There are 2 protein chains.
Amino acid sequence: MTAQRPPDLVALTARLVDVPSVSGAEGAIADLIVSELRPQCPPCELTRSGHNVVLRGPHRGDRPSIVLAGHLDTVPPAGNERARLRDDRLYGLGTSDMKSGLAVMIALAKSVDWLQARANLTFVFYDCEEVALERNGLRKLFPEMPLLATADLAILLEPTDANVELGCLGTLNARVTARGRAAHSARPWLGENAILKAVPFLARFAALSPRPVVVGGVEFLETFQITTAEGGRARNVIPDSFAMNVNFRYAPTRTPAEAVAELRSMVPEGFEFDLVDAAPPGVVRSDHPLIEDLVGRFGLARRGKQAWTDVAQFSERGVAAINFGPGVPEQAHQADEFVPIANLTRAFDVLHAFVSVAPAARAAREPA
Amino acid sequence: MTAQRPPDLVALTARLVDVPSVSGAEGAIADLIVSELRPQCPPCELTRSGHNVVLRGPHRGDRPSIVLAGHLDTVPPAGNERARLRDDRLYGLGTSDMKSGLAVMIALAKSVDWLQARANLTFVFYDCEEVALERNGLRKLFPEMPLLATADLAILLEPTDANVELGCLGTLNARVTARGRAAHSARPWLGENAILKAVPFLARFAALSPRPVVVGGVEFLETFQITTAEGGRARNVIPDSFAMNVNFRYAPTRTPAEAVAELRSMVPEGFEFDLVDAAPPGVVRSDHPLIEDLVGRFGLARRGKQAWTDVAQFSERGVAAINFGPGVPEQAHQADEFVPIANLTRAFDVLHAFVSVAPAARAAREPA
């Protein structure tokens, strides 16, 4: 096996950051990825479906199949649209979540020895991960590409700070609406102020702390947050409606139905409850041989994934899946998001070695 | 003096309601009013300035000047755009605030004997009263029409249930913004939730009751309300900003600067405070001879005006002003707003008699 020299991971991540790709607008970044990967065909096959891009390496029956996957989209910008290099960090929207992961995937695809690798490799780049599950690009790909649901391992290059993060939190969003009665604001007693009516409900969430849950030796923290709130029609009218989005992140010990029931039980009488979306948690698979090899061979730390990721979608289909990527989880969705430069090389080196040579093959090559 | 038969006030009010005129979109209703009033020229002069319409009757030096004024705009609709007659009420947006008042004004202008009336009469129809004072149409008319600031009395046909309502509340709006720090919603401890940070501030307003203040024998109730609130950028991002509009209605005992200072003192450290608009209160002029005549001759009740009206703008310019109109104050800005049919005739009859014949002239005609 001769690894080609990897491309400049910093420059590649910066290029990916500089192409805006807020959920629903991933066309330009998909174009860029297609142009980066086309030279791998043959021996690979490159497929584009909407804004999803899949690069499938050559298949050999005597090796396992590994899928490497990453989403193209970001949350909306917060003045951080352009990549900026400062000290040992690359700053900008998506640097950690997860354009650095996409850069590592592209670099791997450009440098791996497809025929000698320890696995049949498939690279999946997909859209709309940061929004409701029904728009999720990977979800649309599963029926189009049966090989995804029959892989031996899926690695999501979500931000993990180059650690292995097992499973993932479930997440659900619900719209909770307080209804009031409009009136002239000089006569509030003739109406009912929907915003002020919601104060005890809001106060309950303000008082909550994250709730720890341990599964398969790793810890998750369950959280409830009000993430958006909007009410009122005019400055001089008592607001007759106040709608809040409640985001509940729950551990893999709980089913989506159980999580919905718990949240619903917190909603006061007379408030409206509308489930917006619910994504199941991801299974913690700490005992899988490929995962044990990855963790053991490279001395990686194991943690619970304190976020929802598409590990959950692979879990649902019985595919062992983990998160491993160069981004820093704590940086996701931050206005001053960054990725440490050192993580890019570290993630690339680990994955390049992991997919190139199996432990047995490595042992066989060692001197007797 | 021979009064012409007044037009059908119910049909006229309904026609005015059916022409949408949310603040900023008063063109069509101004057109309608121009076409209704044009037959009065001569002897009147009709002027249109933007969406403001002024009908000025003939001037005689031996009688006082009275301005009758009403705003054309309404607050945004709430499914109540069309006028509907049911039982003894006319329902619909603006029926009370204040298209019934406009209908009475039009009917008066069509039926008054301009030359024999007890006063020089000017009818002012103006735009943008329901929004910030700097957009207020009457405010724009004062410099264009000096006669407005030299009138002996201004009658605002705001809803008063055909009582005399003296003075008016001052009002101010301030935008109070809680700032937080964005983060992935699965890691709320890395951010600061601006919506939840605002809970103690909201709770303070939820606990307040209207505060009574008596001026010149009439009572006002001071009120604080949160009328709009908006925060959050996405369902999975901790909100970094939550902006609330606080509407403070204050009695004529207080200057705008004092009111701003009181509200500002309620805003917690670290929250942003931006004054949106401030409209001064209206002076209570219970001792004015024309007002005494109106109240005494028709046995009208006197109350404080529990709202901001353009009485304040006349007050600022030293013009005695009152509110007297057919609408019901409690109906203003209500989704099921209505005006009682009986009020239309009552307000018309009182005003027609008041502007047609002065008490002295009436006494002179009585048999010796």
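Residues numbered from 1 in each chain as written. Chains lettered and ligands numbered in written order. Predicted model: local features only at pLDDT ≥ 70, side-chain atom pairs only at ≥ 80, totals over all residues. Heavy atoms only, no water.

In this section: the pairing of strand S2 (residues 52–56) of chain B. Residues and elements named next belong to chain B. The element S2 is largely enclosed, with a buried count of four among its five residues. Bridge count for strand S1 (residues 45–49) against S2 is five bridges, and the pairing is antiparallel. Directly across from Arg 48, in S2, lies its bridge partner Val 53. With antiparallel pairing between neighbouring strands as the criterion, S1 and S2 make up a hairpin whose turn holds two residues, including Gly 50 at a positive phi of roughly 65°. Pairing of S2 with strand S6 (residues 120–126) involves four bridges; the strand directions are antiparallel. Looking across to S6, one finds that Val 53 is bridged to Phe 125. (Buried < 20%, exposed > 50% of the residue type's maximum accessible area, 1.4 Å probe, protein only. Helix = DSSP H or I, 4+ residues; strand = E, 2+ residues; numbered from the N terminus. Pairing = 2+ DSSP bridges.)

Residue and element names in this part refer to chain A. What helix H4 (residues 137–144) keeps buried is the set Gly 137, Leu 138, Leu 141 and Phe 142. Taken around the axis of H4, the buried residues stretch over an arc of 145°, which confines them to a single face. Check the buried side of H4 and you find it contacts strand S1 (45–49), strand S2 (52–56), strand S6 (120–126) and helix H9 (311–316). (Arc of directions from axis to C-beta. Contact = heavy atoms within 4.5 Å.)

Here we come to the sheet that holds strand S4 (residues 84–86) of chain A. Residue and element names in this part refer to chain A. The three strands lie next to each other as S4-S5-S16, forming an open sheet whose pairing is antiparallel. Where the open sheet ends on each side, the last strands, each with one partner, are S4 and strand S16 (338–340). Shown here is a sheet whose adjacent strand axes are inclined to one another by a mean of 25°, direction ignored. Strand direction decides the pairing type here: S4 and strand S5 (residues 89–91), joined by three bridges, are antiparallel. Note on S5: the bridge partner recorded for Arg 84 is Tyr 91. In this fold helix H3 (residues 95–111) packs onto S5 and S16, with an angle of close to 50° to the strand it touches most, S16. (Axes fitted to C-alpha atoms, helices over the stretch in contact; angles between N-to-C directions.)

This part takes up the nonpolar core. Grouped together as the largest cluster of nonpolar side chains are 70 residues, with contacts concentrated most on Ile33(A), Leu121(A), Phe123(A) and Phe125(A). With nine residues, H3(A) is the largest single contributor of residues to this core. Among the nonpolar cores identified, the runner-up in size contains 67 residues, and Ala30(B), Leu169(B), Val215(B) and Val339(B) belong to it. (Core = buried A, V, L, I, M, F, W, Y, C linked by side-chain atoms within 4.5 Å.)

Counting residues at the interface gives 56 residues for chain B and 56 residues for chain A. Counting the surface lost from both chain B and chain A, the interface buries some 4800 Å², and carbon and sulfur atoms represent 59% of this. Here chain B and chain A share one salt bridge between them. A salt bridge links Arg235(B) to Asp277(A); the nearest nitrogen and oxygen atoms lie 4.0 Å apart. One can count 23 residue pairs in polar contact (both at pLDDT 80 or more) joining chain B with chain A. Mapped onto the side of chain B that touches chain A, the elements with two or more residues apiece are helix H5 (194–197), helix H6 (199–206), strand S11 (218–231), strand S12 (241–250) and strand S13 (272–279) of chain B. Top element by residues in the side of chain B that touches chain A is S11(B). It accounts for nine residues. Of the residues in the side of chain B that touches chain A, the class split is 32 nonpolar, 16 polar and eight charged. (Buried area = accessible area lost by both parts, 1.4 Å probe. Salt bridge = Lys/Arg side-chain N within 4 Å of Asp/Glu carboxyl O. Polar contact = N/O pair within 3.5 Å; in protein donor to acceptor, adjacent residues only side chain to side chain. Nonpolar A, V, L, I, M, F, W, Y, C, P; charged D, E, K, R; others polar.)

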